[in-house]
Amino acid sequence: MIFQNLITSVLNILGRFFEPAQILFKFGIIAILVIHFGILFLYQLNENPIQHEYKYKLHSYVDPFFSQAWTLFAPNPINTNMSLLMRFNYQMENGTSHETEWIDITEPLIKDRKENFWSPAQRISKFTQSCMSNVNDNHKLILEQITKVDSLAKDTIKAKSFYKNALMTTYGHNSLLQYSKYIARSYFSENNIQPERVEIRYRILNAKFPRFSKRDEDYYNLNNYEFNEITSDYYLIKNIFYNYGE
Amino acid sequence: MENKYSIGLTMTRILICFIIIKNMCFYLPLAEDYFGLNGIFPYENYIEQMNFYGLKFLTYPFHIPHFPFIFILTVIILATLYMLAIGGRFVGVVLYFAIIILKIRNGFILDGSDNVIQVVLPFLVLADNLDHFRYFKKKTNIISNFISRYSVIFTFAIMIQVCFVYIFTGLAKHEGELWRNGTAVYYTMRVRDFMATDWNITLTKNHYFVVILTYFTLFWELAFPFLVWFKKTKFWIFIGGIFLHVGIWVFMRIDNFSWVMLSTYFVFITNDEFFSFQNKKLKVFIDGWCPVCRNFGNRIKKVDFLNLIMLEDIRDSKVPSIEFRNKGLLSMASIDDNGKSSFGFDSILKIAIRIPVFWLVLPILFILKLTKIGNYFYNELAIKRTIIPIHCNENCKIKTF
């Protein structure tokens, strides 16, 4: 309260006795905003030498408070149907191992969104899409790097290990593993299974539907699609059933 | 200095808060899964990012059981308070930081709409958006008055930010092969995640539909930042925007982004432009013996910022004819300035046209009118309404103006 009164008094004095101060203040705000939008403008422009020079400074100013990512469907819209599938390999208390079928994560979310104008599934769907895009992008980048480095390109075992380690540092991969706990929790609860140990592997299925020139082909006939996939190794997942503090 | 954009700013505040509340209500049952220790985005990444951004002091303990739920509930309360202008700018600032924390905790579930809210909110808080739709009367506060002197500057900052959204998305699209060759809409409407209706396939088989909509989207986005500043072109560009965003919502189920962008259009409309509707008053006749109708009338008056709706009790007031009264007792009657009478769902539509909060749902109301579904539902409700003539006294009268 005292602090507020103090500020009020100072502002009052400024307001009453220094009319030009107000004008100056106004121009000060305008100047700050011009600089602010100038930075945002530079940040969002195509890569150019000035942007390159101040790259880190620009990022540190813009993120996280003024993030600008207005690239939905740009430069090109997504033109492939991405599906996320998961399967679990689990061990029971008596030592027996079992493997589940591939569980389609994407299909129920799409169905829910289609049936409801407002749906929480939209957020989960957005989450899985972001994870898959991230894994797809990193997958390409890592493979590019492997082909560029001779020692990796010539040694399959080394390349495989490099790929696995690099992928494990990505947000997309880690988030998918984290999300798999959520799926595992529902799967095992629904089927009344209490596993001792659970491993998960995921598959990202990229299905390219008929291109514009073939728009009259049957959209729902999968024979008209082109497929490619990324399948992960098995990863151990812990803390499926809310063990806080572990 | 009086802010000539105060009504538009108020509208944007209400709608943005409404969208935040809606989002949080969706998060609430899944709060632990979205944001908790074992949430779908790794908790350690959140801690890492908070430290990276130098925001360690803002780190919220999402790892403690039930704390994610409490956080979401707090955001709902903050958004409700801000929507009703309780707590003023202070609540707005706290709400802004809460949204930033949520974004860092799990950015993967957020979309473009959250990003727009995040970049618009700081300027909205500084601009005078708290003049209307207040729960309590406005108190004079020297700090607030001091900030208000510069409100117009912050209002323009919101406008520039909205223009940035469109110009940069337009420029990015312009670089895409599919946008340039006019086929992008084919892919956006057919990709399974955004294919909301079976109509998408049929519509995109038509190459005229695909090419025209692709180029319309591209040119409209690039034109927005230039044409929105002129009175003559502003409303045309808004009509294009409503068409585009409602289309995106219906056919691609991208809801939040569409509504948030549309809500920011109100900022561009001056109070004078809102008041140019003044000569479009509507006299609405409500059945004073029906509690639901009275409640409806009183609620309508609360959001009638432009003061265009005049409520009257059809049982007490002077009406053009006995037929009018009889028909008005069956379904809500209204008379516009030209003396044209409307009944039932048509009256609802005329009310919605005069109340900016309802403008976002106008396309839906028009569809309901064209398909006559609106009239059907109205009649169903009107027939089943309760009428209490005996208990009615002066206290249950609707407000008349």
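Since this is a predicted model, take the numbers as computed values, not measurements. (Residues numbered from 1 in each chain as written. Chains lettered and ligands numbered in written order. Predicted model: local features only at pLDDT ≥ 70, side-chain atom pairs only at ≥ 80, totals over all residues. Heavy atoms only, no water.)

Caption draft 1: Local environment of the environment of Leu84 of chain B. Residues and elements named next belong to chain B. If you trace the backbone, Leu84 turns up in the loop between helix 4 (67-83) and helix 5 (88-105). For the pair formed by Leu84 and Phe133, sequence separation is 49 residues and the distance between their alpha carbons is 6.3 Å. Those residues within four positions of Leu84 in sequence are excluded, and the remaining contacts are Arg13, Phe133, Arg134 and Tyr135. (Helix = DSSP H or I, 4+ residues; strand = E, 2+ residues; numbered from the N terminus. Contact = heavy atoms within 4.5 Å.)

Caption draft 2: Inspection of the interface of chain B and chain A at higher detail. Each partner contributes residues to the interface: chain B has 89 residues there, and chain A has 81 residues. Interface of chain B and chain A: buried area, both sides summed, is about 8,000 Å²; carbon and sulfur atoms make up 63% of it. It is Asn38, Phe108 and Arg192 of chain B in chain B that bury the most area against chain A; as a group they hold 11% of the surface buried on that side. For the pair chain B and chain A, the interface holds three salt bridges. (Buried area = accessible area lost by both parts, 1.4 Å probe. Salt bridge = Lys/Arg side-chain N within 4 Å of Asp/Glu carboxyl O.)

Caption draft 3: Representation of the state of the cysteines in the model. Residues and elements named next belong to chain B. A complete count under the given rule lists one disulfide over all chains for this structure. Disulfide partner of Cys290: Cys293, at an S-S distance of 2.3 Å. Torsion about the S-S bond of the Cys290 and Cys293 cystine: about 85°, corresponding to right-handed handedness. Cys290 gets classed as buried once you look at its relative accessible area, which sits at 0%. (Disulfide = S-S within 2.5 Å. Buried < 20%, exposed > 50% of the residue type's maximum accessible area, 1.4 Å probe, protein only.)

Caption draft 4: Spatial organisation of the pairing of strand 4 (residues 197-208) of chain A. All names here are of chain A. With eleven bridges joining them, strand 1 (residues 81-91) and strand 4 adopt antiparallel strand pairing. Residue pairing for strand 4: Phe88 is matched across the bridge by Ile200. Sheet analysis places strand 4 next to strand 6 (residues 235-237), joined by three bridges and oriented antiparallel. Paired with Ile200 across the bridge in strand 6 is Tyr235. Pairing of strand 4 with strand 5 (residues 226-231) involves six bridges; the strand directions are antiparallel. Residue pairing across strands places Arg203 opposite Thr231, the latter belonging to strand 5. (Pairing = 2+ DSSP bridges.)

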